[in-house]
Amino acid sequence: MNSTEEGLSLMITELIEDLQKSVIYSQLQKAARFEVSKPGLRLVDLKKGVQQALISSGWERKLRNEVYRFMQKAVQPPHPAVPLECSKEPLAFLRKAQLNWEKRILKSLNSMCTELNTPLAKKRSEKDQKELAARWTEIGADLPDLSSFRPVYAPKDFLEVLASVKNTNCVSGDGTVGFQNMWGIIQVNLKIKDIHGLRLRYNEMSINQCQTGVDDSQDIPLELFEQERTKLAKKVLAVSHSPLTQEFAKKGCPIGQRAELWCQMLGVTMDDIDRLYYEQLKQYVLQHELLIDTLIHKDVKLTATNDDQYFVFEDYLYQILLPFARDTAVLEHFKSSSANPPKAFIRGKLGDEEFAVNYPPNGIIPFHGFAMYVTPMCYIYNDPVKLYFIFREMYLRYFCKLHTISSHPEGIMSLCRLFEDLLQTHEPQLFQHLKSCGIQPLKVAFKWMFRAFSGYLASDQVLLLWDRILAYGSLEILAVLAFAIFSFRKTNLMQVEAYSASEAVLADLTTLKVIPLIQLSLFTI
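What comes next concerns the included structure. (Residues numbered from 1 in each chain as written. Predicted model: local features only at pLDDT ≥ 70, side-chain atom pairs only at ≥ 80, totals over all residues. Heavy atoms only, no water.)

Structural notes on the overall build of the protein chain
So the rule is basically this: Strands here mean DSSP runs of E at least two residues long; helices mean DSSP runs of H or I at least four residues long; both are numbered from the N terminus. Relative accessible area decides the class of each residue, using a 1.4 Å probe on protein chains only: under 20% of the type maximum gives buried, over 50% gives exposed, and in between gives partly exposed. Only heavy atoms matter for contacts: two residues are in contact if any of them lie within 4.5 Å across the pair. The protein chains shown are the only cover counted for residues, whose accessible areas, like all others here, come from Shrake-Rupley with a 1.4 Å probe.
Within the protein chain, the regular secondary structure consists of 24 helices and four strands. The proportion of buried residues among the 525 residues of the protein chain is 49%. Nonlocal contacts in the protein chain, meaning residues at least 24 apart in sequence, comprise 77% of its contacts between residues at least 6 apart. Carbon and sulfur atoms form 54% of the exposed surface of the protein chain, whose accessible area is close to 25,600 Å².

Written out as structure tokens, the structure is:
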């Protein structure tokens, strides 16, 4: 058996194990037993009869969707001889950089505990549990004093770390260690697409094709186009086939069907077990108070509460983010991520690995702006349980890559490199002007990409952008949009001579229409 066949065999084995753990597996078994129990089914026709009955009742499609969901998240299984850390991230210097970053975050968290004399976790009294349960939908109305707490880190801190990463195994022509990016910030040479590769990838967004999110069209009146898209969306939803749904969403999702279309693309199906799972997470919140909870409260207050578009969702955000901090299912993504979940020790057992636990339970220490990954979705889902599972899936597939150091083609380093390469190649005059004024474009654009533009664009534009992330299964479009904004504001940016002036030019993005901008940047330059 060659390496390709061996890798495929490992993936099939992992798929079967994943399916056996899923709810759909027990449901499929139950449906099969029901078919077997039907009278008139002969023993010789048993297998064929059950298979045909399951296909006709829609189980084949459900199983295909589950396999597709697995393939969307699956990574190529490593060769048995390859160490686990190398399979998670093949480049040793990036593994080291990520490890050092994790140590720095944990040190910051521990320093905060020491300074404020606050434990990482403590059990709530019965009285506190009852009070919190009573005001579960109004948590923001009675929060403790948050003035002493600070975010563990902000986007600019992370960018500084990314800028310092160099490949020590690479030597430039002048003998300098590390790849030398003469003009940009990112000093790691990563494999990224050029403009031609991006055009092929996003061909369905070309200017000659009508799109949801574009107000004018030469081919068809806007109202008629929206009506046709809505009719087609209903047909796509009726088929309930995830690949077809993704293909449809490449031209955007109609507002009325967006919630269901996202569910199909992400493979989120709600049942009573999911609701029980959420209720269990809620109970964990009621039973124990974590330091992470205070960081979440602080982040929501600093971001969403101060945003005219999202301040009404403050209490709703707590119903998502507090249970998320306790969800151990989130740890699953660390199997393929270059990151590692932080550890804490049970009191009195410091240094004893037997008493080390993941802290927080989901392995994610929130940073400044983390809450903004949820806020746009509050406009789509009014059921906190459904919103919870949609957000969790969005985070596991996409958002987790935005705050991890890796060589992944959709990781934040690759997005930064793609943005800088697009700007240098296709707007060289603008790039050189900004550089001559001591302005690094990435310092402005980084915070947009880091938060997937949430909080910077108008909420409807963020959702149109995220439609395409889901449809194409890629974060690359974030870098394309960041480049497009610089190109669009080029005339004003060519007049600036200071970083503060460039920030002022790019401060308000709420009037921008993202789809026309992306089309212009990809298909007219």
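Observations regarding unusual backbone geometry
For the bond from Y359 to P360, the omega torsion is -5 degrees, close enough to zero to count as cis. Checked against the element boundaries, P360 lands in the loop between β4 (356–358) and α16 (384–397). Residue N117 is not a glycine yet carries a positive backbone phi of 55 degrees. Take N117: it is sitting in the loop between α6 (92–116) and β1 (121–123). Phi at S240 is positive, roughly 55 degrees, even though this residue is not glycine. Take S240: its relative accessible area is 32%, and that puts it in the partly exposed class.

Details of the packing of aromatic side chains
Put simply, the rule reads: Ring pairs shown here join Phe, Tyr and Trp side chains whose ring centres sit within 6.5 Å, with only the six-membered ring taken for Trp; geometry is labelled stacked below 30 degrees between planes, edge-to-face above 60, and tilted in between. Note on geometry: a ring has a charge over it if NZ (lysine) or CZ (arginine) is within 6 Å of the ring centre and within 35 degrees of the ring normal.
The final tally for this structure, using the stated rule, is 29 aromatic pairs. We note R201 situated over the ring of Y202; from NZ or CZ to the ring centre the distance is 5.9 Å.

Describing the nonpolar core
The condition is simple: The nonpolar core is taken to be a set of buried Ala, Val, Leu, Ile, Met, Phe, Trp, Tyr and Cys residues, with the residues joined through side-chain atoms within 4.5 Å.
By size, the foremost hydrophobic cluster in this structure holds 149 residues, and its most contacted members are W262, W448 and F486. Element by element, the count of residues in this core is highest for helix α21 (residues 476–488), at ten residues. Sequence-distant contacts of W262, that is, excluding residues within four places in its chain, are made with C253, M377, I380, Y381, I390, L463, W466, D467 and L470.

Side note on the packing of helix α7 (residues 126–134) against helix α13 (residues 272–287)
Note the cut-off: Note on definitions: angles span 0 to 180 degrees between N-to-C directions of axes, and those axes are lines fitted to C-alpha atoms, for helices only across the stretch in contact. Throughout, the term roughly parallel applies to angles under 35 degrees, roughly antiparallel to angles over 145, roughly perpendicular to angles from 65 to 115, and oblique to all others. Gly falls in the polar group here, along with every residue not listed as nonpolar (Ala, Val, Leu, Ile, Met, Phe, Trp, Tyr, Cys, Pro) or charged (Asp, Glu, Lys, Arg).
Between α7 and α13, the least distance of the axes is 8 Å, while the angle of their chain directions is 130 degrees. Classed by the angle they form, the pair α7 and α13 counts as oblique. Contacts between α7 and α13 pair Q129, L132 and A133 from the former with V285, L286 and Q287 from the latter. Classifying every residue of the contact of α7 with α13 by side-chain character gives four nonpolar, two polar and no charged.

Observations regarding the pattern of salt bridges
To keep things clear, this is the line we draw: Any Lys or Arg side-chain nitrogen located within 4 Å of an Asp or Glu carboxyl oxygen qualifies as a salt bridge.
Across all of its chains, the model carries 18 salt bridges by this definition. A salt bridge links R124 to E289; the nearest nitrogen and oxygen atoms lie 3.9 Å apart. With R124 in the loop between β1 and α7 and E289 in strand β2 (residues 288–290), this residue pair connects regions lying 165 residues apart in the sequence.

Some points on helix α18 (residues 428–436)
An α-helix turns once per 3.6 residues; consequently, residues spaced three or four apart project the same way. How we decide: Note that the arc is defined by the directions from the helix axis to the C-beta atoms.
Along α18, the residues that are buried comprise L430, F431, H433 and L434. Looking straight down α18, one finds its buried side chains confined to an arc of 165 degrees; they lie on one side. Set apart from the buried face of α18 by more than 90 degrees, the exposed residues are Q429 and S436. Those residues of α18 hidden inside the fold are in contact with α17 (412–426), α19 (441–450), α21 and α22 (490–493).

Distances and angles like these do not, on their own, reveal function.
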